[in-house]
Protein chains: 2
Amino acid sequence: MSNAVNGQALAKALLNPSSVALVGISNDTKKTAARPLQFLRRAGFDGTVYNINPSREEVQGEKAYTSLSALPEIPDHAFILTNTEQAIAAVEECGKLGIPVATILAGGFSEKGAAGIEREKRLKEIAKASGVRLLGPSSIGLVNVHQNLTLTANAAFGEPGLPKGGIFCASHSGSLIGALTSRGRSRGIGFHTLVSVGSECDLSVGEICESTVDDPSVTGYLLFLETSRNADTLRRFALKAAAVGKPVVAYKLGRSEIAAELAVSHTGALAGEDSVTDALLRDCGIARVDTFEGLLEALPLLAMTPFRNAGDSAPRVGVVTTTGGGAAMAVDQLGVRGINVVSPSSDTQQKLQDAGIDGGSGRILDLTLAGTNYDVMKSALDIFCQAPEFDLVLATVGSSARNHPNLAVKPVIDSVNQGKPLACFIVPEAPEALTLLSEGGVPNFRTPESCGDVVAAALNRRTPNPELSVNVEARPSGQRVIDEAAAYELLAEVGLDHAAFTVIDVDQPLPELSFDYPVVAKVLSSAISHKTDVGGVVLPIRSKDELTAAISKIRHDVEKNLPGSKVEKILVQRLEKSVGEALIGIKWDRDVGPIVMVAAGGIYTELYKDRSLRLAPVNIEIAREMVGEVKAFEALAGYRGRPCGDLNAIAEAIVKLSQLAVSETHMIAEAEINPLMVMEEGKGALAVDALVTLST
Amino acid sequence: MSNAVNGQALAKALLNPSSVALVGISNDTKKTAARPLQFLRRAGFDGTVYNINPSREEVQGEKAYTSLSALPEIPDHAFILTNTEQAIAAVEECGKLGIPVATILAGGFSEKGAAGIEREKRLKEIAKASGVRLLGPSSIGLVNVHQNLTLTANAAFGEPGLPKGGIFCASHSGSLIGALTSRGRSRGIGFHTLVSVGSECDLSVGEICESTVDDPSVTGYLLFLETSRNADTLRRFALKAAAVGKPVVAYKLGRSEIAAELAVSHTGALAGEDSVTDALLRDCGIARVDTFEGLLEALPLLAMTPFRNAGDSAPRVGVVTTTGGGAAMAVDQLGVRGINVVSPSSDTQQKLQDAGIDGGSGRILDLTLAGTNYDVMKSALDIFCQAPEFDLVLATVGSSARNHPNLAVKPVIDSVNQGKPLACFIVPEAPEALTLLSEGGVPNFRTPESCGDVVAAALNRRTPNPELSVNVEARPSGQRVIDEAAAYELLAEVGLDHAAFTVIDVDQPLPELSFDYPVVAKVLSSAISHKTDVGGVVLPIRSKDELTAAISKIRHDVEKNLPGSKVEKILVQRLEKSVGEALIGIKWDRDVGPIVMVAAGGIYTELYKDRSLRLAPVNIEIAREMVGEVKAFEALAGYRGRPCGDLNAIAEAIVKLSQLAVSETHMIAEAEINPLMVMEEGKGALAVDALVTLST
């Protein structure tokens, strides 16, 4: 890319321009294209605003210029409010004049079929050739609250008095930046900047956020995502944000197949599989929330909760409450997300008793109505915050929060800086209590669902995978399948074991095998990927005679089932006894680059979508965590007296295969070991089938 | 029960008393026990209030009596605010005087170990003997908003100006009636009555609600449940409510195992399995929501959405929006709950086009910023509300809802009475818009999660199972296992087929079999339930010689593995070829009575908890629906070219077994057919093992 603007210069022109041009600004204040000037004036933006309108000398009582070329200076940023065709012309003009950044409101590009894709291509070429950077198309604009820069047509920003804060928001949806602002306002949550990124034909979520990562006034990032587009820049940004300790939270549409489809038609992008997005976000240290309310509530808790590592023990939450029923709702929401609420230790119980608090015998500390006062609550929280058995303390407060926040809300605020994450769920409607908590630096939740969602997201957030390379280059789209024997050879290079085999030329006399019967015979051909379906597999074979017969049968069946084919080679492999099976695979994903996957294989794990997925490569701790996420492997972990399988060998195989995923030597498009035979604990695992496709 | 008060008389004394006595009312207004008098006066209750305080002549400036016996009349209702022991004495006094209802604030009963259980037993005996009906213990009281009866110690009701409404709320949690009131208040949602039922030692949620089912001022029921205790009365109430067309919504704690455990320690009740609760609520026509916000938002939509029946086609939702991103959030939440959002038909598309609306080609109708005005929105909604392809129409409104509700909120309100459920999700913070919608009779949602939750709950709500009997009597707790042959006989009575078998006396000569080999031989004894574990099963057996050997082996192995046992009989059964297996079971559940369950059987379906459960008996439509809910059965529905299994035969077997569950003749405690061999489509299903336990 020959883009002229980068990093800090980009951040300046895009997010903090000294001068902006409003191209196609309307004089009719009922029109959308009239809004940016109204909003900039209402907000008191103190940079220069140039109005461009070819047919008027004045717009909304201000001077207007006929074109960008007529301006007395080169503005930092042009906001183009025209229709689709005029927008392309305006970008061309920006390029000629050397305007560094242009934002395009109009749609009509990649979301509008072949003609739109063609238009977008043209737009990108113009931008690339001239060096102008583009926000959009289909961007409703952006708002820098600290600079009073309401450079947007989103009606929500016509409302005065936007609360200032440290949150940088980037959104695929232009409408949502308005909704997030109004919802934040009601909770005393202020934004630093909000950017509607549109369809990201040039500037992506990742690049925009990255340009601000060193800005000390930005304290965290909130992303509203509809697709996994531009995963490379998102990944680069997220790793930098993690390095400087700024939390990132994302809400991503597409948990359901219908919504994934919707994101496609709505934005013109391809929607990746949701589990791939999950892997991307997780492996980059981005917390993903599933509730809209949780998206707004998450950053304060993320800021105080350290990243956890694969292999760490399960996180434990302690709960102090004034209402048993209210706390139970939050505990239930934690429980369904797999987060453990644990009882106070006997040591903690003793401290509570010493402080005159009845700890009860339950899993949570219920102070009840009787204990709803400052001193009891404060003592209990102090003891919980110091107790080593809790990774996070959750306080839930009942009715008193509404009219008497001093009783049980104030002590939460006074307990916040004790080196342990502390959060608060307020059961009744109590907006003032929530605002008090926010002002006091206590992460707070309005619903049990967002509470469970955010606490789980914070405790499940992982240190970015240290094995990931920052840059992921695209791979050629051509594909070539290699045969099973060649695949084993390739797997052996990274130390992946396979069952002993030999390749037999069907026109030669049958050699003696170097391993024992029983064996399996399989047709060997890179052209046949579903060997069983064409009669290309015979097993078990117990003797040389049976093998001879099997070879004849395979030749006959395959050549009958695939007319015109000729069986030349047969792979004969030792039949291994195992206690279970696994399926492991790698793939160069279109959106996110190399990924690695493990499942138990077989029809049921397919039906139940029971698998674990990560960006590749992974280390052994991550691989073990993946194995732990596959429910079917519980059957190999001593389930009901069954023999234990070598789960660690599965993890080791995942690590090795994941290294192959990023090999520059082999350029693998896709590879699958299915099955990997899992032996008894300590006895390893062996590939007994493998399918490898190379990028060419 | 010899209780004196029932039905309308109960409703009067409990919920609408002319006179109340506050037993143990405190003069110290800082104390919880002082609140009811304060609150009653503040609310302006116009019935008579008698203060009972043995040590004062005046309480809070009002006359006090030393005891209930000293009162000039017999009050309708005594609210007992004393400690545990005094409360028992007070109930005794109520009984002597003939006070019809007493509410007990104190805890210290069944939730406090053996001594507490003993105390509760005593309390129940006193009540039963004297006829006084009890609310509680551990009840924080009740509030009848229409009568200004704030007979409660819950601090939330000290706030004046409770909004009146038609919702009758019963809650296991006393704290929650306050939280629901404040959250409702902020949304313009008013209650009729709120009752903290405590631990339901006498009056249960079901009986209390049932007493109001004919009250025209009660329009719907909202239940906050912690346990499935007293399922019999809940069931009776729910069937009546369904019959008179009053919707019932429930939020039930215990989705996670931890919370289920918590409900136990918190209330002293046993928490039933969550899936059993699910079956109970579903089969009684109660909608269960999973979000706290949804609990408050659900009733208006339930009131306008008809019950659906098992066997109905999948419900379809049409979506009209002014914001693509906002609608996508709601669609995602519907999608993860299995609710289909469908595209407008070509007929509907044509009507939109005729009205000048660009219908686009997507699954939802996105009017965009450009279409955000009254006329476009109204036309679109009119067309959608008349379109036969939608069972429910969802409107989502973006930023304009906040400051310009006339644009896109007003048309929703004006579209509500067109004979089709219509609901609205508001994306920004816009409390006024939500209140306008509520006042206009439009079900409305503040979050995408509660929207998805409630719409799914409404569309999944089933007509109460017509096969259910209203009364479920407890069964004796003794149990007796019968042997496999006797079990088949019992199954045959209701028409359940089994594989051919014969019973062999091991001391007699081996008879000729009336069916072909191969067969299986199994030890036959009601004392051995895990036959395989003790070497009691041999298969396949292909000849008479093999059978003789198998019998010897079984005798030897079983007698070795179970020292002291003697094998007398062997069941020899034909081995059937099938395409799959199922497990069906019935059980007399401690909480809810007879239930029926189906799963695919085997280790994976156990690991994945893949099963379907209902109250018994069920009809064929419900049974088919159950089969459809078991994911593993997809493998028998033509999955990837596999042979289809006789899924209908599974459904028929479920129906038959479920009838056995309610048989008065056999009194079955528990029965399981595992496996039921499923033949190819049209060829039926056969039991090849059965375990039946009778109640005795």
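The preceding data block contains the structure.
Predicted model, so just to flag it, every value in this text is computed and none were measured.

Cut-off values and rules
Residues numbered from 1 in each chain as written. Chains lettered and ligands numbered in written order. Predicted model: local features only at pLDDT ≥ 70, side-chain atom pairs only at ≥ 80, totals over all residues. Heavy atoms only, no water. Buried < 20%, exposed > 50% of the residue type's maximum accessible area, 1.4 Å probe, protein only. Helix = DSSP H or I, 4+ residues; strand = E, 2+ residues; numbered from the N terminus. Pairing = 2+ DSSP bridges. Right-handed = clockwise from strand over helix to strand, strands pointing away. Axes fitted to C-alpha atoms, helices over the stretch in contact; angles between N-to-C directions. Contact = heavy atoms within 4.5 Å. Core = buried A, V, L, I, M, F, W, Y, C linked by side-chain atoms within 4.5 Å. Buried area = accessible area lost by both parts, 1.4 Å probe. Salt bridge = Lys/Arg side-chain N within 4 Å of Asp/Glu carboxyl O. Polar contact = N/O pair within 3.5 Å; in protein donor to acceptor, adjacent residues only side chain to side chain. Nonpolar A, V, L, I, M, F, W, Y, C, P; charged D, E, K, R; others polar. Least-squares fit on C-alpha atoms with pLDDT ≥ 70 in both. Left-handed = near helix turned anticlockwise from the far one by under 90°. Phe/Tyr/Trp six-rings, centres within 6.5 Å; stacked < 30°, edge-to-face > 60°. Lys NZ or Arg CZ within 6 Å of the ring centre and 35° of its normal.

K.L.:
In this structure, what is going on with the pairing of strand 1 (residues 19–23) of chain A? I would like to understand it.
P.N.:
Consecutive residues of a regular strand have side chains that alternate between opposite faces of the sheet. All names here are of chain A. In terms of residue burial, strand 1 counts as a mostly covered element, since 5 of its 5 residues are buried. On strand 1, burial covers both faces: Ser19, Ala21 and Val23 on one face and Val20 and Leu22 on the other are all buried. Examined bridge by bridge, strand 1 and strand 2 (residues 48–52) share 5 bridges and lie parallel to one another. Looking at strand 2, one finds that Leu22 is bridged to Asn51. Since strand 1 and strand 2 lie parallel, the crossover through helix 2 (residues 35–43) that links them has a hand, and here it is right-handed. As defined by bridge partners, strand 1 adjoins strand 5 (residues 77–80) across 4 bridges and the pair is classed as parallel.

K.L.:
Got a minute to help me understand the sheet that holds strand 14 (residues 287–289) of chain A in this structure?
P.N.:
Within a sheet, each strand pairs with its neighbour through backbone hydrogen bonds, oriented either parallel or antiparallel. Residue and element names in this part refer to chain A. Here we have 7 strands laid out as an open sheet, ordered 9-8-11-10-12-13-14, and mixed in their pairing. Lying at the two open borders of the sheet, with one neighbouring strand each, are strand 9 (149–152) and strand 14. Here the strands of the sheet are splayed against their neighbours by 20° on average, with no regard to which way each runs. Taken together, the 6 bridges between strand 10 (residues 164–171) and strand 11 (residues 191–196) define a ladder with parallel strand orientation. Considered in strand 11, the bridge of Cys169 is made with Leu194. Strand contacts of helix 5 (residues 174–185): strand 8 (141–144), strand 10, strand 11 and strand 12 (220–225), with the helix running at about 160° to strand 11, the strand carrying the most contacts.

K.L.:
How should the nonpolar core be read in this particular structure?
P.N.:
Nonpolar side chains tend toward joint burial in soluble globular proteins. The biggest cluster of nonpolar side chains holds 167 residues, and the ones touching the most others in it are Leu222 and Val317 of chain A together with Leu222 and Val317 of chain B. Judged by nonpolar contacts, the second largest core, of 92 residues, contains Ala632 and Ile668 of chain A together with Val630 and Leu657 of chain B.

K.L.:
Can you walk me through the environment of Val688 of chain B in this structure?
P.N.:
Residue and element names in this part refer to chain B. Along the chain, Val688 falls in the loop between strand 30 (685–687) and strand 31 (690–695). The buried category is assigned to Val688, whose relative accessible area is 15%. In the structure, Val688 is positioned 578 residues away from Ser110 in sequence and 45 Å away in space, judged by C-alpha atoms. Non-local contacts of Val688, meaning those with residues more than four positions away in its chain, are made with Glu484, Tyr488, Ala499, Lys522, Gln573, Pro675 and Met677.

K.L.:
In this structure, what is going on with the interface of chain B and chain A? I would like to understand it.
P.N.:
Interface extent is often summarised as the accessible area lost during association of the parts. With 79 residues of chain B in contact, the opposing surface of chain A contributes 79 residues. Surface buried jointly by chain B and chain A totals about 6,200 Å² across both partners, of which 59% is contributed by carbon and sulfur atoms. Counting the contacts that link chain B with chain A gives 6 salt bridges. A salt bridge links Arg446 of chain A to Glu293 of chain B, with the nearest nitrogen and oxygen atoms 2.4 Å apart. Connecting chain B to chain A are 30 residue pairs in polar contact (both at pLDDT 80 or more). At 10 residues, the largest contribution of residues to the side of chain B that touches chain A is made by helix 11 (residues 324–336) of chain B. Taken together, the residues that form the side of chain B that touches chain A break down as 32 nonpolar, 24 polar and 23 charged.

K.L.:
It is not clear to me how the relation of the copies chain B and chain A should be interpreted in this structure. Could you clarify?
P.N.:
Put simply, the two copies of the chain differ by a rotation about an axis and a shift along that axis. Mapping chain B onto chain A calls for a rotation angle of 180° and an axial translation of 0.0 Å; the resulting RMSD is 0.1 Å. When the rotation and shift are considered jointly, the pair of chain copies conforms to a two-fold rotation axis. Within chain B, Tyr604 of chain B has its C-alpha nearest the rotation axis, a separation of 3.6 Å. Interface residue correspondence from chain B to chain A reaches 100%, placing this contact among same-surface, isologous pairings.

K.L.:
Even after reading the chapter, I still don't get the packing of helix 5 of chain A against helix 10 (residues 292–304) of chain A, so can you show me in this structure?
P.N.:
Residue and element names in this part refer to chain A. Helix 10 packs onto helix 5 with a crossing angle of 65° between their chain directions and a minimal axis gap of 11 Å. Note on packing geometry: the crossing formed by helix 5 with helix 10 is right-handed. Contacts between helix 5 and helix 10 involve Leu176, Ala179, Leu180, Arg183 and Gly184 from the first element and Phe292, Leu295 and Leu296 from the second. Split into classes, the residues belonging to the contact of helix 5 with helix 10 amount to 6 nonpolar, 1 polar and 1 charged.

K.L.:
Explain the packing of aromatic side chains to me, please; I cannot follow it from the model alone.
P.N.:
The geometry of two aromatic rings is summed up by the distance between their centres and the angle between their planes. Here the structure, examined in full by the defined rule, presents 18 aromatic pairs over all chains. Here the aromatic rings of Phe384 of chain A and Phe390 of chain A are separated by 4.7 Å at their centres, their planes lie at 20°, and the arrangement is stacked. When its relative accessible area of 1% is taken as the criterion, Phe384 of chain A is described as buried. Geometrically, the ring pair formed by Phe168 of chain B and Tyr221 of chain B is tilted, given 5.7 Å between the ring centres and 55° between the ring planes. Taken together, the residues Phe168 of chain B in strand 10 (residues 164–171) and Tyr221 of chain B in strand 12 (residues 220–225) connect sequence positions 53 residues apart. Exposure remark for Phe168 of chain B: the relative accessible area of 1% places this residue in the buried category. Clustering of aromatic rings is evident, with ring pairs tying together Tyr604 and Tyr608 of chain A together with Tyr604 and Tyr608 of chain B. One residue, Arg461 of chain A, lies across the ring of Phe307 of chain A, its end atom 4.2 Å from the ring centre. The ring centre of Tyr65 of chain B lies 4.5 Å from the NZ or CZ of Lys63 of chain B, which sits over that ring.

K.L.:
Sorry if this is basic, but what is going on with the pairing of strand 6 (residues 101–104) of chain A here?
P.N.:
Residue and element names in this part refer to chain A. Burial along strand 6 is two-sided: Val101 and Thr103 facing one way and Ala102 and Ile104 facing the other are all buried. With 4 bridges joining them, strand 5 and strand 6 adopt parallel strand pairing. Bridge pairing links Ala78 to Ala102 in strand 6. Taken together, the 3 bridges between strand 6 and strand 7 (residues 133–135) define a ladder with parallel strand orientation.

K.L.:
What is the right way to look at helix 9 (residues 274–283) of chain A in this model?
P.N.:
For an α-helix, 3.6 residues make a turn, and residues three or four places apart therefore share a direction. All names here are of chain A. Burial analysis of helix 9 places 7 of its 10 residues in the buried class, the great majority of the element. For helix 9, every residue scored as buried is listed here: Asp274, Val276, Thr277, Ala279, Leu280, Leu281 and Asp283. Looking at the residues trailing helix 9, positive phi occurs at Gly285, about 80°.

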